[in-house]
Amino acid sequence: MSKPTELVQGTLDLLILKTLQLGPSHGWAIAQRIRQVSNSVLRVNQGALYPALHRLEQQGWIKAEWGESENNRRAKYYSLTAAGKKFLHKEEANWARLSQAIGLVLDMA
Amino acid sequence: MRWLDKIRLRVRSLFQKPAVDRELEEELRFHLERQIQGNIAAGMSPDEAFRAARIEFGAAPRFQEECREARGLTFLQDVARDARIALRTLRKNPGFAAVTILTLALVIGANSAIFSAIYTLVFRRLPYKDPNQLVAIWDSNRHTGVDHIPVMEGSYPILHDGAKQDIRIKFLGRILDALQQFGARDVFFADGELFAVG
């Protein structure tokens, strides 16, 4: 299995959910937004993005609907569900705790 | 109703596989087209834009598979594969297979035989209305040593009516007393006298 590690995968989920907090969006726009906001540091490739989206949908954190895109094409729009919002809050708190802890270890000595 | 949505999605992935696959393809095609547009907007020539997007998109079949996996489809496919392997293995060791199948057959047979007996005798309610109102009355004769002579069987209300109407059954009144007093189901008489209740 050539899956990314647990941390990377969980992080991608968090980034996707956070992006969707701003409103419904299709896959391409999600990748684009993450890239722009992170000053091109984070580049989400489709090979990771779409499996993650489908997994998140399967878990009930997001739901998908077909809609009209900005270039007048049919596109699949994802949006956060109520459960997804709750999950995002929890994950954000977890992430803050984790990064703070890692920061503490790295600042040592 | 998160779990309901989950089930709905999974059922859809399972039974409307062509539609789900088509949607996935359309979703990915949209991404590719949007990427080409984006590349052109960033200043690439259409050819370049197409090539760049295509390169980035190279592994589409692989991650389509991953999307399917994310939808939990492969679980069932795995089960089917395991079953095939199991059958092949059994065919390779016919002796082992025969012993296994025979053992299972015997055990299942014995189990269901015991269960149906116990079920009929102990658990199943009698196929009558208000089965707990049924009584059986037995007599026995001390001189001849014969016991368990059936006097009558019936429901409590019928016995009760009988007691009022037919005083020829001289001990029916006492039977009813016994039934009421002890909550008995079986009333035993010896030589016409109340002997035991059970």
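The rules behind the values
- Residues numbered from 1 in each chain as written.
- Chains lettered and ligands numbered in written order.
- Predicted model: local features only at pLDDT ≥ 70, side-chain atom pairs only at ≥ 80, totals over all residues.
- Heavy atoms only, no water.
- Helix = DSSP H or I, 4+ residues; strand = E, 2+ residues; numbered from the N terminus.
- Contact = heavy atoms within 4.5 Å.
- Areas by Shrake-Rupley, 256 points an atom, 1.4 Å probe, with all protein chains shown as cover.
- Buried < 20%, exposed > 50% of the residue type's maximum accessible area, 1.4 Å probe, protein only.
- Patch = residues over 30% accessible without salt bridge, like charges linked within 9 Å, V, L, I, M, F, W, Y side chains within 5 Å.
- Salt bridge = Lys/Arg side-chain N within 4 Å of Asp/Glu carboxyl O.
- Axes fitted to C-alpha atoms, helices over the stretch in contact; angles between N-to-C directions.
- Parallel < 35°, antiparallel > 145°, perpendicular 65-115°, else oblique.
- Left-handed = near helix turned anticlockwise from the far one by under 90°.
- Nonpolar A, V, L, I, M, F, W, Y, C, P; charged D, E, K, R; others polar.
- Core = buried A, V, L, I, M, F, W, Y, C linked by side-chain atoms within 4.5 Å.
- Phe/Tyr/Trp six-rings, centres within 6.5 Å; stacked < 30°, edge-to-face > 60°.
- Lys NZ or Arg CZ within 6 Å of the ring centre and 35° of its normal.
- Buried area = accessible area lost by both parts, 1.4 Å probe.
- Pairing = 2+ DSSP bridges.
- Expected span 1.5 Å × (residues − 1).

Looking only at helices and strands, chain B has 8 helices and 4 strands in total. Ordering the α and β elements of chain B from the N terminus gives α-α-α-α-α-α-β-β-α-α-β-β. For chain B, the share of sequence-separated contacts (at least 6 apart) that also reach a separation of at least 24 residues comes to 36%. On chain B, roughly 14000 Å² of surface is accessible, and the fraction owed to carbon and sulfur atoms is 61%.

What follows deals with the overall build of chain A. A tally of helices and strands in chain A yields 4 helices and 3 strands. Put simply, chain A runs from its N terminus to its C terminus through helices and strands in the order α-β-α-α-β-β-α. Across the 109 residues in chain A, those meeting the buried criterion constitute 41%. In chain A, of all internal contacts separated by at least 6 residues, the share reaching a separation of at least 24 is 46%. Element-wise, carbon and sulfur atoms account for 59% of the exposed surface of chain A, whose accessible area totals about 6300 Å².

Right, let's get into a nonpolar patch on the surface. Residues and elements named next belong to chain B. On the surface, a cluster of nonpolar side chains totalling about 690 Å² of accessible area is made up of Trp3, Leu4, Ile7, Val11, Leu14, Phe15 and Leu76. Here the element with the most residues in the nonpolar patch is helix H1 (residues 2-15); it accounts for 6 residues. Position of Phe15 relative to the elements: it lies in helix H1.

Between helix H3 (residues 46-58) of chain A and helix H2 (residues 17-41) of chain B, the least distance of the axes is 12 Å, while the angle of their chain directions is 140°. Classified by the interaxial angle, the pair formed by H3 of chain A and H2 of chain B is oblique. Here H3 of chain A and H2 of chain B pass one another in a crossing that is right-handed. Residues Gln46, Leu49, Tyr50 and His54 of chain A of H3 of chain A pack against Leu24, Glu27, Leu28 and His31 of chain B of H2 of chain B. Its residues placed into classes, the contact of H3 of chain A with H2 of chain B shows 4 nonpolar, 3 polar and 1 charged.

To continue, consider the nonpolar core. Ranked by internal contacts, the top residues of the largest apolar core, which has 29 residues, are Ile16, Leu17, Leu49, Leu53 and Ile62 of chain A. Contributions of two or more residues to this core are made by helix H1 (6-20), helix H2 (27-37), H3, strand E3 (74-80) and helix H4 (82-106) of chain A together with H2, helix H3 (46-56) and helix H4 (60-70) of chain B. Beyond its immediate chain neighbours, meaning those up to four positions away, Leu53 of chain A contacts Ile16, Gly27, Ile30, Ile62 and Tyr78 of chain A.

The next thing to look at is the environment of Arg35 of chain A. All names here are of chain A. In this structure, Arg35 sits in helix H2. Accessibility expressed as a relative area gives 28% for Arg35, which makes it partly exposed. With near-sequence residues (within four places) excluded, Arg35 lies in contact with Ser40, Leu42 and Arg43.

In this structure, Leu24 of chain B sits in helix H2. Note on Leu24 of chain B: relative accessible area 4%, which makes it buried. With 43 residues separating them in the primary sequence, Leu24 of chain B and Cys67 of chain B have C-alpha atoms 8.3 Å apart. The residues contacting Leu24 of chain B, other than those within four sequence positions of it, are His54 of chain A together with Gln64 and Cys67 of chain B.

Residues and elements named next belong to chain A. Applying the stated criterion across every chain yields a total of 2 aromatic pairs over all chains. Centroid distance Trp61 to Phe87: 4.1 Å. Interplanar angle 5°. Geometry classified as stacked. Here the residue Trp61 occupies a position in the loop between H3 and strand E2 (62-68), and Phe87 occupies one in helix H4, the gap between them amounting to 26 residues. The pair Trp61 / Phe87 is uniform in exposure class, with both members buried. Above the plane of the ring of Trp66 lies Arg74, whose end atom (NZ or CZ) is 4.3 Å from the centre.

Right, let's talk about the interface of chain A and chain B for a bit. When the parts come together, some accessible area is lost, and that loss is often what is quoted as the size of the interface. Contact residues are listed per partner, giving 28 residues for chain A and 26 residues for chain B. In total, chain A and chain B occlude about 2700 Å² of area from one another, counting both sides; carbon and sulfur atoms represent 51% of this. For the chain A face of the interface with chain B, the top three residues by lost area are Trp28, Gln46 and Gln58 of chain A, together amounting to 30%. The tally of links between chain A and chain B comes to 4 salt bridges. The partner of Glu70 of chain A in a salt bridge is Arg34 of chain B, and the shortest N-O contact between them spans 2.5 Å.

The subject of this paragraph is the pairing of E2 of chain A. Sheet topology note: the E2 of chain A/E3 of chain A ladder contains 7 bridges and is antiparallel. For Lys63 of chain A, the partnering residue across the bridge sits in E3 of chain A and is Ser79 of chain A.

This part is about H4 of chain A. A rise of 1.5 Å per residue sets the reference length of H4 of chain A, with its 25 residues, at 36 Å; its end C-alpha atoms lie 36 Å apart and thus fit the reference within 8%. Among all positions in H4 of chain A, only Gly84, Phe87 and Leu88 of chain A are buried.

Along the polypeptide, Glu27 of chain B turns up in helix H2. Apart from residues no more than four positions distant in its own chain, Glu27 of chain B is found in contact with Tyr50, His54, Trp66, Lys76 and Tyr78 of chain A.

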